[in-house]
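Overview (structure and organization)
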Amino acid sequence: MTGGHAPGASNAFDAARRALRGLVVAATVRIHRPVVGYALEEPDTFLGSGFFIAPNWVLTCAHVACGGEGGEVAVVYETAPGRGTSTAPGRVVATLPDRADGAGRPLPAGNWPAPDLALVQLTEPVDDHECVYVSERPAAYYGEGRVLYAGWTENEGRLQVLDGTLTVQGTIGGWSSDVQMRLGDNDLPYGVSGGPVIDPERGEVIGVLKARSDHRPGGTSTGIEQLRTLRVPAAAVAEHSDLYQAVFHAHDRYHRDRQRHPASRRQTWTDVQGRLGARPGRTLSPDERIQLLGRLAELPPPESTRGLLDILDSLPDFQALTPLPAPRGWRDGLGALYESASDDGALELVLDYAMRAMSAPRPFVVPSTPDAEKALWVWVWQAAQRLGVRYRSGLAEQRVERLRRRDEAQRDAPDTVSGGIRPADGPGGHRRHRPAGTDARARARSVGSVTRPSALLELVRRGWEPDRCDWSVSVAAPGGEAVRLHEAERTLLADLPTHLAVPLGEAFRHCDEPGRPALLQVALPHALLGLEVDNWQLSPGAEPLGALRPVVVRCSDRDRLPDEAFGAYGGGEPDGMGEAGRVDGAYGVEGADDPDHLDDLDVERRARWRWLHAHRAKAEVLDCEEGLRKPVPTVEQLRALSHGTVPVLCRYGDLRYEDDAEALARIVLGGYGVALWRRRRGRADAVCGEFHRGTIDGIAEPPTAQHLPEAVHDLRMRLRAGRTESFWADGVALLYDDPHQPLPGTGDLLEAP
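Residues numbered from 1 in each chain as written. Predicted model: local features only at pLDDT ≥ 70, side-chain atom pairs only at ≥ 80, totals over all residues. Heavy atoms only, no water.

For the structure shown, the criterion picks out eight aromatic pairs. Between the aromatic rings of Phe-52 and Tyr-77, the centroid separation amounts to 5.6 Å while the plane-to-plane angle is 85 degrees, which identifies the pairing as edge-to-face. Taken together, the residues span a long stretch of sequence, with Phe-52 in strand β2 (residues 46–54) and Tyr-77 in strand β4 (residues 72–78) at a distance of 25 residues. Tyr-77 carries the same exposure label as Phe-52, and that label is buried. Here the guanidinium or amino end of Arg-30 rests over the ring plane of Trp-152, the centre of that ring lying 4.9 Å away. Sitting over the ring of Phe-691, Arg-678 keeps its end group 4.6 Å from the ring centre. (Phe/Tyr/Trp six-rings, centres within 6.5 Å; stacked < 30°, edge-to-face > 60°. Helix = DSSP H or I, 4+ residues; strand = E, 2+ residues; numbered from the N terminus. Buried < 20%, exposed > 50% of the residue type's maximum accessible area, 1.4 Å probe, protein only. Lys NZ or Arg CZ within 6 Å of the ring centre and 35° of its normal.)

The next thing to look at is the sheet that holds β2. In a beta sheet, neighbouring strands pair by backbone hydrogen bonds and run either parallel or antiparallel. Around the barrel, six strands lie side by side as β1-β2-β3-β6-β5-β4; this closed barrel has antiparallel pairing. Sheet twist, expressed as the average angle between the axes of neighbouring strands with direction ignored, equals 40 degrees. Taken together, the seven bridges between β4 and strand β5 (residues 85–96) define a ladder with antiparallel strand orientation. Across the sheet, Glu-78 pairs through a bridge with Thr-85, a residue of β5. The strands touched by helix α3 (residues 243–259) are β2, β3 (57–60), β5 and β6 (117–122); relative to β2, the strand with the most contacts, the crossing angle is about 70 degrees. (Pairing = 2+ DSSP bridges. Axes fitted to C-alpha atoms, helices over the stretch in contact; angles between N-to-C directions. Contact = heavy atoms within 4.5 Å.)

Residue position: Leu-23 is located in helix α1 (residues 9–27). The class of Leu-23 is buried, set by a relative accessible area of 8%. C-alpha separation for the pair Leu-23 and Thr-268, spaced 245 residues apart in sequence, amounts to 8.0 Å. If sequence neighbours within four positions are ignored, Leu-23 has contacts with Glu-130, Gln-267, Thr-268, Trp-269 and Val-272.

Between the first and last C-alpha of helix α18 (residues 708–720) there are 18 Å, a value that for 13 residues agrees with the 18 Å anticipated at 1.5 Å per step. Where burial is concerned, most of α18 is hidden: eleven out of the 13 residues are buried. Two residues or fewer past α18, Gly-722 is found with a positive phi of approximately 80 degrees. (Expected span 1.5 Å × (residues − 1).)

Moving on, we get to the side chain of Arg-392. Along the chain, the position of Arg-392 falls in helix α10 (residues 389–412). Salt bridges are absent for the buried Arg-392, whose nearest opposite-charge side chain, Glu-348, sits at 10 Å. Discounting chain neighbours no more than four positions away, the residues touching Arg-392 are Trp-381, Ala-384, Gln-385 and Leu-387. (Lys, Arg positive; Asp, Glu negative; His and termini not counted. Salt bridge = Lys/Arg side-chain N within 4 Å of Asp/Glu carboxyl O.)

Glancing now at the packing of helix α5 (residues 286–296) against helix α9 (residues 369–383). Each pair of packed helices can be summarised by the angle the axes make with each other and by the distance between the axes. With their axes 9 Å apart at the nearest point, α5 and α9 run at an angle of 155 degrees to one another. With respect to α9, the axis of α5 lies roughly antiparallel. α9 is crossed by α5, and the crossing has left-handed handedness. Packed against α5, whose contacting residues are Glu-288, Gln-291, Leu-292, Arg-295 and Leu-296, the element α9 presents Ala-375, Leu-376 and Trp-379 at the interface. (Parallel < 35°, antiparallel > 145°, perpendicular 65-115°, else oblique. Left-handed = near helix turned anticlockwise from the far one by under 90°.)

Here it is in structure tokens:
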């Protein structure tokens, strides 16, 4: 960006770089064990570096911060060159990955895996420190060139701050959600881990120094966007409920307030960015950007990542791929626009986004929310003066219409919190501090999870390694389109939940809405349909997946099921078929190779699905009658049952005429996309009448099968809460396999060797 400067401009550009360096060093801190007095000047207590990301918030590496005692550290910083150091106590409040004990305290330092980040909150207020400016764009967009860095280290027995430049030499992780930058061409001494990495062209912090290399100069850094994966609260009732939103709203308001402070003569990050020639999104000046971000930070955050992604998708000129991790706050959405903006439409794209943020549904409101919306509108209107009169007129009309529609939606929304009695309206007709509803049963009756985006986990068992699998995690839209987020190979089945924690967490953020956890679909080969995915815990002490959200399974090898599934007792033939009627093929019935016959089976499967989603369903227990085992009907017999039937297996996991995988294969081949079974945990002669009654009532209660995933989720929650009336459902599993939404890449996804 230095090319094309007028004579003398290079000196001004160099001066801007020096000013940037001063701001970076002023915000860089050192982390110590919590000791007092002169011991803080001793290298023995020094743990590493960090930097102020927002007032009273320090970002560093987890392996640095957790070297303290019980999550307590001391933060040493300089307010200005030559003024000496000050110290403030701090507490580690979050780490990535989350490695806390049962009491929420971070575990001791060690070899932390990526992203290796920690947020430290000062436990005493400090108001005389500088804060860095953090980029809205993911670090993965920074492809090449040089970056600046800063940190503290020991030099000749003294602790000193240092800075320098590094060359970007590529990435680790490609475009995955845990990408790291490889840095080289300079030595990184001990102690700089946790320090900031800065884009010198735009004057923005883009990463955190993570590690130094043992084999070459340089090391690695983690993008700050990894903070988007911080735990999402179940319900946000105030800004501080969500750590991510609280920190970055404070960051944006700080820089906005610093820029417009009338009595300050200090250079700001915004001033320096302007001198560097930065042009965010090809259309905003640094001052315009920080004024916009400051106003967005006065609003309540987006209701959810899903809601923010819907806003981005609704923009007429937004074409960029969604970055990983997915955007979570208003500033992240603005950063996502930069990659899509064209020179002639960039400002309109930003203004359209701001208009949607101004009128978006709120997870909560506070008394100042109406004023914040008005302030954002003033910014939009002022910025729009650069555009034509027709566009400005459309903006004014759009504002009135958007606010009218939102107010109507709030008035018409069913109140699932207060039993129909609405809280008193706040200023401007907003409801005060109204959190999202938490009654899952009421939510399920209004909007089923199957009509919204869902997380999709696909497993393929490896032929020569049956204890291992290949897998992928995607976000599936209701129309069937899926976006792959992560994939891996040769993972031990027993270790799978541990490996899934981060990818599934990202997928859930894409899909969850307040009070409405998204559906998790797990696509399995028929031999693994009994896998207890609803009981998986993604971290120690966490609730089982099935208690947190609707979890269903799908059959991924329906077209490759074994012929034995057609036998009445596991080895026989369907009624009326002998050796002459047996053929080699997926269906094992006469006409299996006939395309018309295959089409008929598919038509039948779709017809069953449509009927179940237009009428109440009826449970049919297939393998048990008054406590006695009986064989599962043949495929032809199953096809003869009414379209409103939902097959139920009572004796899954018990001794039976056919094995469990074969019983489920028959159900799938019989054209059923919805089925229910329970995994037996007790004795073979345990009574099962309550299970029969429960399934008959539970399946018939929802108006259509669309609500069965929520109904089963509700059962699992009540089980977890110890509700005796739901104990009959212990071990229940639900097949919910929509034939209108085929799995992505059916037939060639992660083919096992």
